[in-house]
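# A structural walkthrough
So the chains spell out like this:
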Amino acid sequence: MVISARSTGLSPQGHNRDLYVAQCAKVHGAAIGHRANIASEQGLFKTMPVDCFASVIIGSSQDFARNWVAGRTQTALGDCRALLAQVAWDSVRA
């Protein structure tokens, strides 16, 4: 499911922005929660609060990317792709 400003008919400008952001967050959270619940029921993912799921997956990647953008790393972002993917998978895999 892909949600964009065009597909919702809402404009993320002015007073509609807060409404747009809230609605996108609600839809995104529901979609992630639904998928995480199904995967947990199937024994694919560790059981965890739904609102923690995305943070657990992207935590290491987000932190490394932030440091890379700030010029605080010597390793190229692309060189860490496989490692960061494995760390993400290991953090949620049952």
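Use the structure listed above.
Rules of the game
- Residues numbered from 1 in each chain as written.
- Predicted model: local features only at pLDDT ≥ 70, side-chain atom pairs only at ≥ 80, totals over all residues.
- Heavy atoms only, no water.
- Patch = residues over 30% accessible without salt bridge, like charges linked within 9 Å, V, L, I, M, F, W, Y side chains within 5 Å.
- Areas by Shrake-Rupley, 256 points an atom, 1.4 Å probe, with all protein chains shown as cover.
- Salt bridge = Lys/Arg side-chain N within 4 Å of Asp/Glu carboxyl O.
- Helix = DSSP H or I, 4+ residues; strand = E, 2+ residues; numbered from the N terminus.
- Buried < 20%, exposed > 50% of the residue type's maximum accessible area, 1.4 Å probe, protein only.
- Axes fitted to C-alpha atoms, helices over the stretch in contact; angles between N-to-C directions.
- Parallel < 35°, antiparallel > 145°, perpendicular 65-115°, else oblique.
- Left-handed = near helix turned anticlockwise from the far one by under 90°.
- Contact = heavy atoms within 4.5 Å.
- Nonpolar A, V, L, I, M, F, W, Y, C, P; charged D, E, K, R; others polar.
- Expected span 1.5 Å × (residues − 1).
- Bend = angle between axes of the 7 residues up to and from the residue.
- Phe/Tyr/Trp six-rings, centres within 6.5 Å; stacked < 30°, edge-to-face > 60°.

## Brief notes about a nonpolar patch on the surface
- Together, Trp68, Val69 and Leu77 give the surface a local cluster of nonpolar side chains, amounting to about 290 Å² of exposed area.
- Along the chain, Trp68 turns up in helix H3 (residues 50-69).
- Classification of Trp68 as partly exposed rests on a relative accessible area of 39%.

## Digging into the packing of H3 against helix H4 (residues 81-92)
- Where H3 contacts H4, the two axes come as close as 9 Å, and the packing angle between them is 155 degrees. One way to sum up the angle between H3 and H4 is to call them roughly antiparallel. In terms of crossing hand, the pair formed by H3 and H4 is right-handed. From H3, Phe53, Val56, Ile57, Ser60, Ser61 and Phe64 reach across to H4, where they touch Leu84, Val87, Ala88, Ser91 and Val92.
- Residue classes in the contact of H3 with H4 are distributed as eight nonpolar, three polar and no charged.

## Remarks on H3
- Here H3 is 20 residues long and its end C-alpha atoms lie 29 Å apart, about the 28 Å a rise of 1.5 Å per residue gives.
- At Ile58, H3 shows its maximal bend, which comes to roughly 55 degrees.
- Those residues of H3 that sit buried are Phe53, Phe64 and Asn67.
- Of the residues trailing H3, Gly71 is marked for its positive phi of about 80 degrees.

## Examining the pattern of salt bridges
- Under the definition given, this model contains two salt bridges.
- Across the salt bridge formed by Asp90 and Arg93, the nearest N and O atoms sit 2.7 Å from each other.
- A relative accessible area of 33% places Asp90 in the partly exposed class.
- Since its relative accessible area comes to 37%, Arg93 is described here as partly exposed.

## Considerations on the packing of aromatic side chains
- Inspection of every chain in the model, using the stated rule, returns two aromatic pairs.
- For the pair Phe45 and Phe53, a centre-to-centre distance of 5.0 Å together with 45 degrees between the ring planes defines the contact as tilted. Pair check on accessibility: Phe45 and Phe53 agree, each one buried.
- Note on Phe45 and Trp89: the rings are 6.2 Å apart at their centroids and 70 degrees apart in plane angle, and the pair reads as edge-to-face. Taken as a pair, Phe45 in the loop between helix H2 (16-41) and H3 and Trp89 in helix H4 lie far apart in primary sequence, 44 residues in all.
- On the basis of relative accessible area, Trp89 is assigned to the partly exposed category, the value being 37%.
- Three or more aromatic residues joined by ring pairs form one cluster here, namely Phe45, Phe53 and Trp89.

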